[in-house]
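Structural overview
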Amino acid sequence: MRKAFRVSWKALMAIIETKNLTYTYPGATRPAIKDVSIKIEKGEFTLITGPSGCGKTTLCRCFNGLIPHFYQGELKGEITVAGLKVQEHPVYELATHVGMVFQNPENQLFALSVEKDVAFGLENLGMPRDEIRKRVDWALQLTGTYELRERTPTELSGGQQQRVAIAAVLAMQPEVIVLDEPTSFLDPLGAKKIFEVIYELNKKLGITIVLVEHRLDLTAKYSDHIIIMDDGKVVLDGEPYEVLSSEEARLIGVGIPKATRLYQMLKADGIKLGGKVPLSSEEMAEKIREAIRRHD
Amino acid sequence: MIEVEDVHFTYPSGVEALRGVSLTIRNGEFVAIMGENGAGKTTLVKHFNGLLKPTKGRVLVDGVETTKVSVATLARKVGFVFQNPDHQLFCETVEEEIAFALKNFGFSQDVIEKRVEWALNLLGLSQYRKTSPFMLSGGERKRVALASVLAWDPKILILDEPTIGQDYQQKEKLRQFILQMNAQKKTVIIVTHDVEFVAECNPRVVLMRGGKIVADGEARKVLTNPEILMQASLVPPQIAQIFINLSDLEFPKEVIDVYEAREILLKTFRSREQ
Amino acid sequence: MSFFDGLRFRRVNSPIHNLDPRVKFIYACVIFAVAIIFWQLLPLAVLFVMQIPLVLIARVKREWIRSMKGAAFLASIIFLTNFIFSFISSGYVVTFVALEYALAMTLRFLVLVGSFSIFFLTTSPDHLGLALEQSKVPYEFCFAFTTAVRFVPVLAEEAQTIMDAQKARGLELEKGNFLKRVRNYIPILIPLIISAIRRSLELAEAMESRAWGATKKRTNLYVLKLRYEDYLFAAITVGILALAIFVRLYLYIPRLEELLAGTV
């Protein structure tokens, strides 16, 4: 009885839901994604990963309507985002529910000052000026970019530019923020700052985060939900601990965090460190410490 | 051999990118030049093929000062693969793309054909010989750029941020490729901030910050020193982080390889079981 | 290149920089119109000298001089063509009048360059974009303008990177005859163009994802408001125009030789 209740509660809370989603780019011979059926719940931090060409970028583009409206092509199956059927609503409407941050920081900022860029979406929506001002300042503060508000994007570092891009999306107050490999061009510290900012947004404001990434060593520990894709299909979908420690994940060739690998190798050698599979170095170090204490 | 003698470099815009760098790279070495964005890594390696000339100090490649020869002459010895392959690709076919540099260097037609064949095979691009490079995927375009540089068989190979945007398997292939080149006595220099990749390759690591070298040594020594890494805005590789965390217990500190870590832990737990 | 340097905006807090761009633009146009009204040397010289206090107040002396230097080449061509033309038409005789006329035409050109240079040097591109928007220019054009200005330094840097990448493959730009040298630029232009196309695609995606086209009634974070200083400056500009028309219609303007001879 309780299990049935939980399942239907989950259905109510799903903010992104797809059923047998299949998409073929115009002029392509094979679909880029095939029969993708996933559910992302409100407030989750979801990680989507997989080898290059697996379709994760394509899937992302479906979440805010760029597919099918911007890219054309053939989209089959169902996809609902924030209660709206994507095929039936224009991108500018979906943009107020799903914000998207892209890989290249430079090509998302078009204005000559940071605050004008952050205001861009709100200006497009025709909001009154004082509302825009309030939201712009709020978004700048949350991403730690308030001091940069009068600078030109060209003067900023890659990490700063990406945080401005996040602010620009945040200002529209969407329920979901999708980030497509946002740290590809950033150095490790810049990347870490980005992940910390989006983790904060997830925990403090309850914004659902969908992050497409290769660098699992840095991001696995933040996630509630991991989806692994390969060759256009979803291959693994579930809790991080299960997914990353599965044999399948290793075979697909996803960059499993080294801490997890070490744990698996020791397990195969007969050393049981117990408890949940570690996703970060801190978790693994903790386990080793525990195990040694137990032996002593 | 590359010798860098107290090199300073300031861009025309006034930015002082190198502030007294001295370094020697011997033939056949495998070196990773690391640091945050803006530390001066790419500026430094651009001196190795003469694209940049020092504002103070000297750079010598095989005993010849880089200010005394043209970039094209140095390029014969020093192959430079840029970060973004799309900054190089412009030909109608992959074949032509690979032949471009060979034509510039004045090779004869049959040598060009042989070398193109060889480069295509080496990087698994034979089926794309007559394809337009723009039709290929990101990873394939990177291989075309690499092939077009290897085609003229430079002694020294420089790769600028080769792991950006690559998935795990692509990085594995790259790592093995680099080791293969190194085994063939080529000097390989990679510019990167990917600590996990460097931990798996275990090269000599030169760490830069603010236009200066702050560390130079074996990967296992440099990547396990948290103070120095923090100065350079880098994070230690996960395995190193685990052992740094456990440094109060009696574990060795300079561990970066997962297999080595497993051996150490196996020994520890097995001995305790007795 | 130095000519364009003279037009690049520098962020300075001067009264001229803080003037509304629309008022400054009208000023530049009025100066241009006045320069056309007169063909005599004296008023044009006065007009030219009038710009100098503005340049000093705006603290853009160095850049302004650079733009003048950049215009020097064209200015000398204007002088020579005018002089040679009147030289030939007056029967190969050098007359003082002809000299004065050629000098006046050159000065007219320099006045034009000078006034518009002040405009560009003291107006930031985003202010300019804002002025365009508020002057009811369709938003697509304003956006295209500001985006273009925003990406000029990015494209310049990319062109340099591409040149480096091709030089590292043995491309020698300086070698060969004229035809060969032009062909040498193909390996630089093609990647640059393709990159520009890719970039515009990414920009379009980002724009759409931020509700581009949601309503026709776009609002704005900033607004340009005309202040007391703007009205004052506009009044001065109108005054100059009125004075110029009066002088042109009712007063006699002495020629240079008359002034020098002490007669009038």
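For every chain, the first residue of its written sequence is number 1, and the numbers climb from 1 along that sequence. Key to labels: chains lettered from A, ligands numbered from 1, both in the order written. Whole-chain, interface and lining totals are the exception, using all residues; otherwise, since this is a predicted model, local features are given only for residues with pLDDT of at least 70 and side-chain atom pairs are given and counted only at 80 or more.

Topic: the overall build of chain B
- A tally of regular secondary structure across chain B gives 11 helices and 10 strands.
- Relative to a compact globule of 274 residues, whose C-alpha radius of gyration would be 19 Å, chain B shows 20 Å and is just as compact.
- C-alpha extents for chain B along the principal axes are approximately 70 × 45 × 30 Å.
- Of all 274 residues assigned to chain B, the portion counted as buried reaches 50%.
- Contacts spanning at least 24 positions in sequence make up 61% of the contacts within chain B whose residues lie at least 6 apart. Put simply, DSSP H or I for four residues or longer makes a helix, DSSP E for two residues or longer makes a strand, and each gets a number counted from the N terminus. Between the two quantities, the radius of gyration covers C-alpha atoms and the globule rule is 2.2 Å times the number of residues to the power 0.38. With C-beta atoms placed from the backbone, a residue is buried if 20 or more other C-beta atoms are within 10 Å of its own, exposed if 12 or fewer are, and partly exposed between those counts. What counts as a contact is two residues whose backbone-derived C-beta atoms lie within 7 Å of each other.

Section: the overall build of chain A
- Across its full length, chain A holds 13 helices and 11 strands.
- Each principal axis of the C-alpha atoms in chain A carries an extent, and together these give about 65 × 45 × 45 Å.
- Across the 296 residues in chain A, those meeting the buried criterion constitute 54%.
- Excluding contacts between residues fewer than 6 apart, the proportion of contacts in chain A whose partners are at least 24 apart in sequence is 65%.

Some details on the domain arrangement of chain B
Residues and elements named next belong to chain B.
- Note that the domain bounds reflect an automated or database-derived domain assignment. Per the domain assignment, the segments making up chain B are domain 1 (1-83 + 185-219) and domain 2 (86-160).
- Inter-centroid distance (C-alpha atoms) of domain 1 to domain 2 is 24 Å.
- Contacts between the two partners involve 18 residues from domain 1 and, on the opposite side, 16 residues from domain 2.
- Elements that contribute at least two residues to the side of domain 1 that touches domain 2 include exactly α1 (41-45), α2 (71-77), β6 (78-81) and β8 (187-192).
- Among the elements that make up the side of domain 1 that touches domain 2, the one with the highest residue count is β8 (five residues).
- Looking at the side of domain 1 that touches domain 2 residue by residue, the classes come out as 11 nonpolar, four polar and three charged. Here the nonpolar group is Ala, Val, Leu, Ile, Met, Phe, Trp, Tyr, Cys and Pro; Asp, Glu, Lys and Arg are the charged ones; every other residue, Gly included, is treated as polar.

Concerning unusual backbone geometry
- Put simply, Ile 67 of chain A and Pro 68 of chain A share a cis peptide bond, and its omega is 10 degrees.
- Despite not being glycine, Asp 35 of chain A has its phi angle at roughly 50 degrees, a positive value.
- Tracing the backbone through its elements, the reader meets Asp 35 of chain A in strand β2 (residues 33-36).
- Although it is not a glycine, Asp 6 of chain B sits at a positive phi angle of roughly 40 degrees.
- Examined against the element boundaries, Asp 6 of chain B turns out to sit in strand β1 (residues 2-10).

Observations regarding the interface of chain C and chain A
- Each side of the interface is counted separately: chain C has 26 residues, and chain A has 36 residues.
- Counting only elements with at least two residues in the side of chain C that touches chain A, the list comes to α6 (125-134), α7 (139-167) and α9 (186-208) of chain C.

Looking at the sheet that holds strand β3 (residues 30-34) of chain B
Residue and element names in this part refer to chain B.
- At least two bridges found by DSSP between two strands are what make those strands a pair. Strands sit in the order β6-β7-β8-β3-β9-β10 across an open sheet of six strands; the sheet is mixed. Only two strands of the sheet have a single partner each, and these edge strands are β6 and β10 (212-218). Taking the axes of each pair of neighbouring strands and ignoring which way they run, one obtains an average angle of 15 degrees across the sheet.
- Examined bridge by bridge, strand β7 (residues 156-160) and β8 share five bridges and lie parallel to one another. Opposite Ile 158, over in β8, you have Ile 189 as the bridge partner. Orientation is described by lines fitted to C-alpha atoms, with helices fitted over the stretch in contact, and by angles between N-to-C directions that extend from 0 to 180 degrees.

Thoughts on the pairing of β7 of chain B
Residue and element names in this part refer to chain B.
- The buried fraction of β7 amounts to five of the five residues, a majority that puts the element mostly inside the structure.
- Of the strand pairs in this sheet, β6 and β7 are connected by four bridges, and their pairing is parallel. The residue bridging Gly 79 from the neighbouring strand is Leu 157, located in β7.
- This β-α-β element, β7 to helix α6 (residues 168-183) to β8, shows right-handed connectivity. Here a crossover is taken to be right-handed if, once the strands point away from the viewer, the path from the first strand over the helix to the second is traced clockwise.

Describing the environment of Ala 220 of chain A
Residues and elements named next belong to chain A.
- Looking at the secondary structure, you find Ala 220 in the loop between α9 (216-219) and β10 (225-230).
- Judged by C-beta crowding, with 25 C-beta atoms within 10 Å, Ala 220 ranks as buried.
- Here the alpha-carbon distance between Ala 220 and Leu 94, two residues 126 residues apart in the chain, equals 28 Å.
- The contacts of Ala 220, once residues within four sequence positions are left out, are Leu 47, Pro 240, Leu 244, Pro 257 and Leu 279.

Some words on the interface of chain B and chain C
- Contact residues are listed per partner, giving 18 residues for chain B and 17 residues for chain C.
- Taken together, the elements giving at least two residues each to the side of chain B that touches chain C come down to α2 and α3 (94-104) of chain B.
- Considering only residue class, the side of chain B that touches chain C consists of 12 nonpolar, five polar and one charged.

Notes on the environment of Ile 164 of chain B
- Here Ile 164 of chain B is to be found in the loop between β7 and α6.
- Not counting residues within four places of it along the chain, the set of residues in contact with Ile 164 of chain B comprises Ser 184 and Phe 185 of chain A together with Gln 83 of chain B.

Let's talk about the environment of Trp 138 of chain A
Residues and elements named next belong to chain A.
- Secondary-structure assignment places Trp 138 in helix α6 (residues 129-142).
- In this structure Trp 138 comes out as partly exposed when scored by C-beta crowding, with 16 C-beta atoms within 10 Å.
- Along the primary structure Trp 138 and Ala 167 are separated by 29 residues, whereas in three dimensions their C-alpha atoms are 8.7 Å apart.

Comments concerning helix α5 (residues 114-124) of chain A
- The buried count for α5 of chain A comes to 11 of 11 residues, which makes it a mostly enclosed element.
- Elements in contact with the buried residues of α5 of chain A: α6 and α7 (158-170) of chain A together with α6 of chain C.
- Once α5 of chain A finishes, Gly 126 of chain A follows within two positions and takes phi at roughly 75 degrees, a positive value.

Some details on the confidence of the model for chain B
- One number per residue, pLDDT, summarises how confident the predictor is, and it ranges from 0 to 100. Looking at chain B, pLDDT values average 92 and 100% of them are 70 or higher.
- Under the prediction, the complex receives an ipTM of 0.90, its pTM being 0.88.

Remarks on the sheet that holds strand β9 (residues 208-212) of chain A
Residues and elements named next belong to chain A.
- One open sheet holds the six strands; their spatial order is β7-β8-β9-β4-β10-β11, and the pairing between them is mixed. Looking at the sheet topology across the chains shown, the edges are occupied by β7 (98-101) and β11 (233-238). Neighbouring strand axes in the sheet, compared pairwise and without regard to direction, differ in orientation by 15 degrees on average.
- Taken together, the five bridges between strand β8 (residues 176-180) and β9 define a ladder with parallel strand orientation. When the bridges of β9 are listed, Val 176 appears paired with Thr 208.
- In the packing of α7 onto the sheet, contacts are made with β7 and β8, and the angle to β7 comes to roughly 165 degrees.

Things to note about the confidence of the model for chain A
- When pLDDT is averaged along chain A, the result is 90, and 96% of the positions lie at 70 or above.
- Model confidence for chain A, summarised as mean pLDDT per element, is weakest for helix α1 (residues 2-13) of chain A at 49 and strongest for β8 of chain A at 97.

Points about the nonpolar core
- Core analysis: the largest hydrophobic core is formed by 193 residues, its most contacted members being Val 118 of chain A together with Ile 33, Ala 147, Ala 151, Ile 158, Val 198 and Leu 223 of chain B.
- At seven residues, α7 of chain A tops the list of elements feeding residues into this core.
- Those residues in contact with Leu 223 of chain B, other than ones at most four positions away along the chain, are Val 195, Val 198, Ala 199, Val 205, Leu 229, Pro 236, Pro 237, Ala 240 and Ile 256 of chain B.
- Judged by nonpolar contacts, the second largest core, of 30 residues, contains Leu 19, Val 34, Ala 102 and Ala 244 of chain C. Put simply, a nonpolar core is buried Ala, Val, Leu, Ile, Met, Phe, Trp, Tyr and Cys residues tied into one set by C-beta atoms within 7 Å.

Comments concerning the packing of helix α12 (residues 258-268) of chain A against helix α11 (residues 258-273) of chain B
- Running from amino to carboxyl end, α12 of chain A crosses α11 of chain B at an angle of 45 degrees, the nearest separation of the two axes being 10 Å. Looking at the two axes, α12 of chain A sits oblique to α11 of chain B. Crossing angle aside, the handedness with which α12 of chain A passes α11 of chain B is right-handed. Contacts between α12 of chain A and α11 of chain B involve Lys 258, Arg 261, Leu 262, Met 265 and Leu 266 of chain A from the former and Val 258, Ala 261, Arg 262 and Leu 265 of chain B from the latter.
- Across the contact of α12 of chain A with α11 of chain B, the residue classes tally to six nonpolar, no polar and three charged. Any angle that falls under 35 degrees is termed roughly parallel, while one over 145 is termed roughly antiparallel, one within 65 to 115 roughly perpendicular, and all others oblique. Each helix crossing is assigned a hand: it is left-handed if the near helix lies turned anticlockwise from the far helix by less than a right angle, otherwise right-handed if that turn is clockwise.

Side note on α9 of chain C
- Any helix carries an expected span of 1.5 Å times its number of residues minus one. Its 23 residues place the ends of α9 of chain C 33 Å apart at the C-alpha level, agreeing with the 33 Å of an ideal helix rising 1.5 Å per residue.
- All buried positions along α9 of chain C are accounted for by Pro 187, Ile 188, Pro 191, Glu 205, Ala 206, Met 207 and Glu 208 of chain C.
- Here the buried face of α9 of chain C lies against α3 (66-70) and α4 (91-94) of chain A together with α7 of chain C.

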